[in-house]
Amino acid sequence: MPGFMPGIHVFLFPGQDVDGRDKPGHDGAGIAGVVMTYIAKPKFQHPGLKKNALGFTHRDYEGKISTLCAGCGHDSITASIIEACYELSIEPHRVAKISGIGCSSKTPDYFLGNSHGFNSVHGRMPSVLTGANLANRDLIYLGVSGDGDSASIGFGQFAHSIRRGVNMTYIVENNGVYGLTKGQFSATADRGSKNKRGVMNTDNAIDLVAIALQLGASFVARSFSGDKTQLVPLIAAAIEHKGSAFIDVISPCVAFNNHAGSTKSFDYVREHNDAVNRLDVITTRDPITVEYAPGTVQVVEQHDGTRIALRKIDADYDPHDRVGAMSFLQKHAARGQIVTGLLYVDPDSEDLHSHLDTVETPLNQLGAKVLCPGSAALDKINASLR
Amino acid sequence: MPVQEPISSINDFVVRFANVNGSGSASANEMFARSILRHGVPVSPRNVFPSNIQGLPTWYEVRVTEDGHLGARGGGVDMMVAMNPQTWDKDVASIEPGGYLFYDSTKPMPTSKFRDDITVIGVPLTAITNSTYTDPRQRQLFKNIIYLGAVCALLDMDPKLVEQLIGEQYKGKEKLLSSNIHALHLGRDWALQNLKCPIGLQVKKADKVGDRIFIEGNSAAALGAVYGGATVCAWYPITPSSSLADAFGSHCKKLRHDPKTGKAKYAIVQGEDELASIGIVIGASWNGARAFTATSGPGISLMQEFIGLSYFAEIPAVIMNVQRAGPSTGMPTRTQQCDILACAYASHGDTKHVLLFPEDPAEAFEFAAQAFDLAEQLQTTIFVMLDLDIGMNHRLCRPLKWDDARQYDRGKVMTAEMLEDGRDFGRYLDVDGDGIPYRTYPGTHPTKGSFFTRGTSRDRYARYSEEGSVYADNMQRLVRKFEGAQDMVPRPLQANAAKPTKYGVLYFGSTAPAMDEAIGLLKARGHELDRMRIRAFPFHSSVASFIADHDFVYVVEQNRDAQLRSLIVNENGIDPVHLIPIRHYDGTPITARFIAGAIGAHQDQLKLTPLRKVKS
């Protein structure tokens, strides 16, 4: 099958560099217990490292050393986020990282160390992100969540943040279990799949992608933590997208859900992955140098000028057809296939700020001069109340 | 049977209107109240409405009070305008002996439906209305203005003052203006020609209103949020706080749009529930905007987890709690002061929160505005504790004031310049000894000042830590911070009796007007009391001093479990025997009669039996 990382999943962190901001001994040990967080990460950057348009290297987009289990899918997603931000030449501190509670929600500490992060409350990342976004429309909002966080306790907030069209990149790191609390089934676990102890899940699964489509998300994608080539451009395109961008990333839990009988294990996902397209994100600076065979590429222009080149794998798949996408997903799910790629995009989407018609200046920069109506206005109000 | 003397009173009586909810009567009844104000006579109106929409009874009770007693009077009513057949029996029973019953006499009523100790006044309202109007909606609306006109004649009110009000309300709408004036006079003229006018209850011009304004508490609180610089409001509808969020929207439409572009300098989001609402508030505040939500008891219960996050992660938030009778759904349209403990100690673990207790719309405006400064200075949740009585009724209060020189106090925020200068930044580092650290807004500086916000314990530099000493140190700093708040929040206000006395009374919020009146009633009975109105928690040291200065202190509150008393005992280590609870909690507003009766009874007892004083 095209486009997959062959063989065993590789831990994608560059060597054994550790971050000077880290401190020894804390953050709890992962299940494997072999994480060397007691070694401080040196701030030294190799002079040969590539730089992006802002003069930053990959290192400038990293965070602390992960304390997740060795081989955790989430760490690959972290690496993809780092890569995407680097390629887009984003100023790291202009990103706000917001998460809920869970293994996935710990990951914002492991990327973009110079950004403010907020590990909030279980299932409530979307509301906190929405509020943060309202306060400052100019930052980039990365919402990181898990399947427990977004498909159970946070199902309502997931839905309503998308309904509102909050300008965000909402990533669910989906492993079918509650990793942090030792392996209970989550609501995305497929019916009939088995947990580590052999117990079968009898509840129907929630497909967050299908629901995001139904709720009107203007950018919907699914990917796999083991497929960085597919995932990195999806994240980059989501960040550039204006509106609710939702990515469901299947991210196997090596501790609790990577066994036979799981439908979210590395093996299962590789065998059932059905990618409908591949992406290249073209920022306005780069000239298009890649040669595309005629008829295989669809260029989607986003409102801010960035372009997405969609290389079709499935000739029938149209990412502009929301209803078609929903049918496609249903049909393929019935056959046990996991559809990945950019599943839907509306390049002309709007976001919550445009719906509310807020001023261009971020609300958190408005001072008393423009916010306070003053005593003269108050006297008029008093007069009208007599 | 002796004939009951009809009540005779100038500018001191209670009129209650009994209407069908949704009949358009609210506008006419409010006009009645406002026109009495225009006579220079204070009024205190109160809505009593059902938890439902059209078709159920609603009452509007207007206390006309030249002496300016703005609390509910209690007892029966002096005049009942009975416009709802469904509640007829109850309404007639509530009239004081010697009082007046006003009703629609178009259809004949059996004499058993009346009483012989009241004056019955019938006006054929339906007949008058139907002979003039044909459209059903017009008939419904103008019938109200017609009875208003008749009542004006009966009470000897100046019709020109009512006309002036109608003129202001329908300014620019000539057709509506003239038809309302016409309806007013239809009723008035019929009454003058067919009834004995005026009756014993009369309104005479006085000069007792002054420059006071007439405003609903929720509207005033919302205006305070505008003046206080709130830019984000997230809310979920619940009675009686919805009108606060609605008012914020209306005020912002008028006051917060960019004059050039017309764009909004604010964002209002109706959340999918209270958890989303408080989450949005916290996210916005974390990111440097002033944000608030408005809710009631059930919403507070839902918000507990986020409130704890706000306390421990030290993120500002303003919650306006318009309290109603609980527990659970309780009585959504009845007033109470029953969330004191739920708010003071909100969330699991060791928490304490700042509460503000405004007494009326003027203080609601001031405290709402101040709440945003306090939230950012203290980096925590501030509760503005209103209740249905203040929030959903019009109250006469002093005009709202704003000092144009006043700046917003954003608290300790470290800027990019300060970080560039090399200032040591620790998110939970106590630099001044007051327990309040510096924070940074997201996006401030490329390489300095970022940190991870979370509800887990961490050290002074926001680094994750489960070490016991680190946690305890942080918890102690939070206590230090909270104690410092007592000098930042509104002070209690004390008023002493003319003569020294061993007895005192503590009260707060909407109890205030009834308390002021009750002091006079008690004095007439020979009981002198010093009083102190508490305006915030943490309690200022003067509260403990006040209690220490008296043998017994009454604590008057509108809840079953004497929650404020419990809070005082708990926080100040006071022996409960010194604090005598006076509790009113049937959902009606507390009255001076009740307070004076309850305290008077205690006082009488204390005087009768020499007590062994318990020394703690």
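The residue numbering used here restarts from 1 in each chain and proceeds along that chain's sequence as written. A letter from A marks each chain and a number from 1 marks each ligand, given out in the order of writing. Restriction of local features to residues with pLDDT of at least 70 applies here, the model being predicted, together with a cutoff of 80 or more for giving and counting side-chain atom pairs; totals for whole chains, interfaces and linings are based on all residues.

## Re the overall build of chain A
As a reminder, the rule being used: Where helices and strands are cited, they refer to DSSP runs of H or I of at least four residues and of E of at least two residues respectively, numbered from the N terminus. A residue is called partly exposed when the number of other C-beta atoms within 10 Å of its own lies between 12 and 20, exposed at 12 or fewer, and buried at 20 or more, with C-beta atoms placed from the backbone.
Scanning chain A from terminus to terminus reveals 12 helices and 13 strands. For chain A, with 386 residues in total, the buried portion stands at 53%.

## Examining the overall build of chain B
Selection rule: The reference for a compact globule is 2.2 Å times residues^0.38; the radius of gyration itself is calculated from the C-alpha atoms.
A tally of helices and strands in chain B yields 20 helices and 24 strands. For chain B, the C-alpha radius of gyration of 27 Å lies close to 25 Å, the compact-globule estimate for 616 residues. Residue burial in chain B is summarised as follows: out of 616 residues, 53% are buried.

## Describing the confidence of the model for chain B
What counts is decided by this rule: pLDDT runs from 0 to 100 and stands for how confident the predictor is about each residue.
Here chain B shows a mean pLDDT of 95. Residues at 70 or above account for 98%. As a predicted assembly, this complex carries a pTM of 0.93 together with an ipTM value of 0.94.

## Observations concerning the sheet that holds strand 10 (residues 277-282) of chain A
What holds strands together in a sheet is hydrogen bonding between their backbones, with the strands either parallel or antiparallel. Residue and element names in this part refer to chain A. To keep things clear, this is the line we draw: Only when DSSP finds a minimum of two bridges between them are two strands counted as paired. All axes are obtained by fitting lines to C-alpha atoms, using only the stretch in contact for helices, and the reported angles, taken between N-to-C directions, cover 0 to 180 degrees. Two residues qualify as being in contact provided that their C-beta atoms, derived from the backbone, are within 7 Å of each other.
Strand order in the open sheet formed by three strands is 10-12-11, with antiparallel pairing between adjacent strands. A strand with exactly one partner marks an edge of an open sheet, and here the two such strands are strand 10 and strand 11 (297-301). Across the sheet, the mean angle from the axis of one strand to that of its neighbour is 25°, orientation sign disregarded. Relative to strand 12 (residues 307-312), strand 11 runs antiparallel, the two being bridged by five bridges. The partner of Val 300 across the bridge, within strand 12, is Ile 308. Sheet strands touched by helix 7 (residues 228-240): strand 10 and strand 12. Its angle to strand 10, the strand with the most contacts, is close to 55°.

## Observations regarding the interface of chain B and chain A
Interfaces are often sized by the amount of accessible area the parts lose when they come together. With 58 residues of chain B at the contact, the number on the chain A side is 50 residues. Looking at the side of chain B that touches chain A, the elements with two or more residues in it are strand 9 (213-216), helix 7 (217-227), strand 10 (232-235), strand 11 (267-270), helix 9 (274-286), helix 11 (304-313) and strand 18 (452-454) of chain B. It is helix 9 of chain B that provides the largest number of residues to the side of chain B that touches chain A, a total of nine residues. Pairing of strand 2 (residues 116-119) of chain A with strand 18 of chain B, which is carried by three bridges, proceeds in the parallel orientation. Looking across to strand 18 of chain B, one finds that Asn 119 of chain A is bridged to Arg 454 of chain B.

## Some remarks on the sheet that holds strand 3 (residues 140-146) of chain A
Strand order in the open sheet made by the nine strands is 9(A)-13(A)-7(A)-8(A)-4(A)-3(A)-1(A)-2(A)-18(B), with mixed pairing throughout. What marks the edges here is a single partner per strand, and that holds for strand 9 (273-275) of chain A together with strand 18 of chain B. Put simply, the sheet's adjacent strands are angled 20° from each other on average, direction ignored.

## A short note on the domain arrangement of chain B
Residues and elements named next belong to chain B. For clarity, the cut-off: Domain delimitation in this document rests on an assignment produced automatically or drawn from a domain database. Charged means Asp, Glu, Lys or Arg here, nonpolar means Ala, Val, Leu, Ile, Met, Phe, Trp, Tyr, Cys or Pro, and polar covers whatever is left, Gly included.
Looking at the assigned domains, one finds that chain B contains domain 1 (9-202), domain 2 (215-397), domain 3 (412-489) and domain 4 (493-608). One C-alpha centre belongs to domain 2, the other to domain 4, and the line joining them spans 27 Å. Each side of the interface is counted separately: domain 2 has 21 residues, and domain 4 has 19 residues. Residues belonging to the side of domain 2 that touches domain 4 are distributed by class as follows: 13 nonpolar, three polar and five charged.

## With respect to helix 13 (residues 361-378) of chain B
Residue and element names in this part refer to chain B. The cut-off we apply is this: By this rule, a helix spans an expected 1.5 Å times one less than how many residues it contains. The angle between axes fitted to the seven-residue stretch ending at a residue and the seven-residue stretch beginning at it gives the bend at that residue.
Taking 1.5 Å of rise per residue, the 18 residues of helix 13 would be expected to cover 26 Å, and the 25 Å separating its terminal C-alpha atoms lies within 8% of that figure. A maximum bend of about 25° is found in helix 13 at Ala 371. For helix 13, the tally of buried residues reaches 18 of 18 residues, placing the bulk of the element in the interior. In the segment just after helix 13, Gln 379 is the residue with positive phi, at about 55°.

## Structural notes on the confidence of the model for chain A
Taken as a whole, chain A shows an average pLDDT of 85; of its residues, 85% reach a score of 70 or greater. Counting interchain partners and residues more than four positions distant, the pLDDT-below-50 stretch residues 1-35 of chain A has 73 contacts.

## What about the environment of Pro 6 of chain B?
Residues and elements named next belong to chain B. Mapping Pro 6 onto the fold places it in the segment before strand 1 (9-10). As a C-alpha pair, Pro 6 and Leu 386 span 380 residues in sequence and 39 Å in three-dimensional space. With sequence-adjacent residues up to four places away left out, Pro 6 is seen in contact with Gly 98, Thr 119 and Gly 200.

## Examining the packing of helix 5 (residues 159-169) of chain B against helix 6 (residues 174-194) of chain B
All names here are of chain B. Heads up, the rule is: The scheme is simple: roughly parallel for angles under 35 degrees, roughly antiparallel for over 145, roughly perpendicular for 65 to 115, oblique for anything else. In this scheme, a crossing is called left-handed if the near helix is turned counterclockwise away from the far one by less than a right angle; it is called right-handed if the turn is clockwise.
It is the contact of helix 5 with helix 6, at a shortest axis distance of 10 Å, that shows an interaxial angle of 155°. In terms of orientation, helix 5 and helix 6 fall into the roughly antiparallel class. The interaxial crossing formed by helix 5 with helix 6 has right-handed handedness. Residues Pro 159, Val 162, Glu 163, Ile 166 and Gly 167 of helix 5 form the contact with helix 6, whose own contacting residues are Leu 177, Asn 180, Ile 181, Leu 184 and Arg 188.

## Description of the packing of helix 7 of chain B against helix 8 (residues 242-255) of chain B
Residues and elements named next belong to chain B. As a packed pair, helix 7 and helix 8 sit with axes 8 Å apart at the nearest point and diverge in direction by 50°. Classified by the angle their axes make, helix 7 and helix 8 are oblique. Our pair here, helix 7 against helix 8, has a crossing hand that is right-handed. Contacts between helix 7 and helix 8 pair Asn 218, Ser 219, Ala 221, Ala 222, Leu 223, Ala 225 and Val 226 from the former with Ser 243, Leu 244, Ala 247, Phe 248, His 251, Cys 252 and Leu 255 from the latter. Per-class residue counts for the contact of helix 7 with helix 8 are 10 nonpolar, four polar and no charged.

## A closer look at the pairing of strand 12 (residues 291-295) of chain B
All names here are of chain B. Most of strand 12 sits inside the fold, with five of its five residues counted as buried. Burial of strand 12 is two-sided: the residues Ala 291, Thr 293 and Thr 295 facing one way and the residues Phe 292 and Ala 294 facing the other way are all buried. Taken together, the two bridges between strand 10 and strand 12 define a ladder with parallel strand orientation. Following the sheet pairing, Cys 233 is matched in strand 12 by Phe 292. Sheet analysis places strand 12 next to strand 13 (residues 317-325), joined by four bridges and oriented parallel. In the strand pairing of strand 13, Phe 292 is matched with Val 318.

## Remarks on helix 7 of chain B
Of all 11 residues making up helix 7 of chain B, 11 are buried, and the element is well covered by its neighbours. Within helix 7 of chain B, the full set of buried residues consists of Gly 217, Asn 218, Ser 219, Ala 220, Ala 221, Ala 222, Leu 223, Gly 224, Ala 225, Val 226 and Tyr 227 of chain B.

## Remarks on unusual backbone geometry
Residue and element names in this part refer to chain B. The omega torsion of the bond from Thr 239 to Pro 240 falls at 0°, within 30 degrees of zero and hence cis. Within the element layout of this structure, Pro 240 appears in the loop between strand 10 and helix 8. Residue Pro 538 follows Phe 537 across a cis peptide bond; omega there is 15°. Looking at the secondary structure, you find Pro 538 in the loop between strand 22 (536-537) and helix 18 (541-548). A positive phi angle, near 60°, is found at Glu 314, a position not held by glycine. In this fold, Glu 314 is placed in the loop between helix 11 and strand 13.

## Topic: the pairing of strand 14 (residues 331-335) of chain B
All names here are of chain B. Pairing geometry for strand 13 and strand 14, over two bridges, is antiparallel. Across the sheet, the residue bridging to Arg 324 is Thr 335, located in strand 14. Linking strand 13 back to strand 14 in an antiparallel pair, the connection comprises five residues, with Ser 328 at a positive phi of about 55°.

## Side note on the environment of Glu 62 of chain A
Note on placement: Glu 62 of chain A falls in the segment before helix 1 (73-88). Separated by 19 residues in sequence, Glu 62 of chain A and Ile 81 of chain A place their C-alpha atoms 9.4 Å apart.

## So, the nonpolar core
Heads up, the rule is: Nonpolar cores are built from buried Ala, Val, Leu, Ile, Met, Phe, Trp, Tyr and Cys residues. These are joined into a set through C-beta atoms within 7 Å.
Val 81, Ala 221, Val 232, Met 320, Leu 356, Val 384 and Ile 595 of chain B are the most contacted members of the largest nonpolar core, which totals 266 residues. Apart from residues no more than four positions distant in its own chain, Val 384 of chain B is found in contact with Ala 221, Val 318, Met 320, Asn 321, Leu 356, Pro 358, Phe 367, Ala 368 and Ala 371 of chain B. The next biggest cluster of nonpolar side chains, apart from the first, holds 13 residues, and it includes Cys 69, Cys 103, Ala 189 and Ala 255 of chain A.

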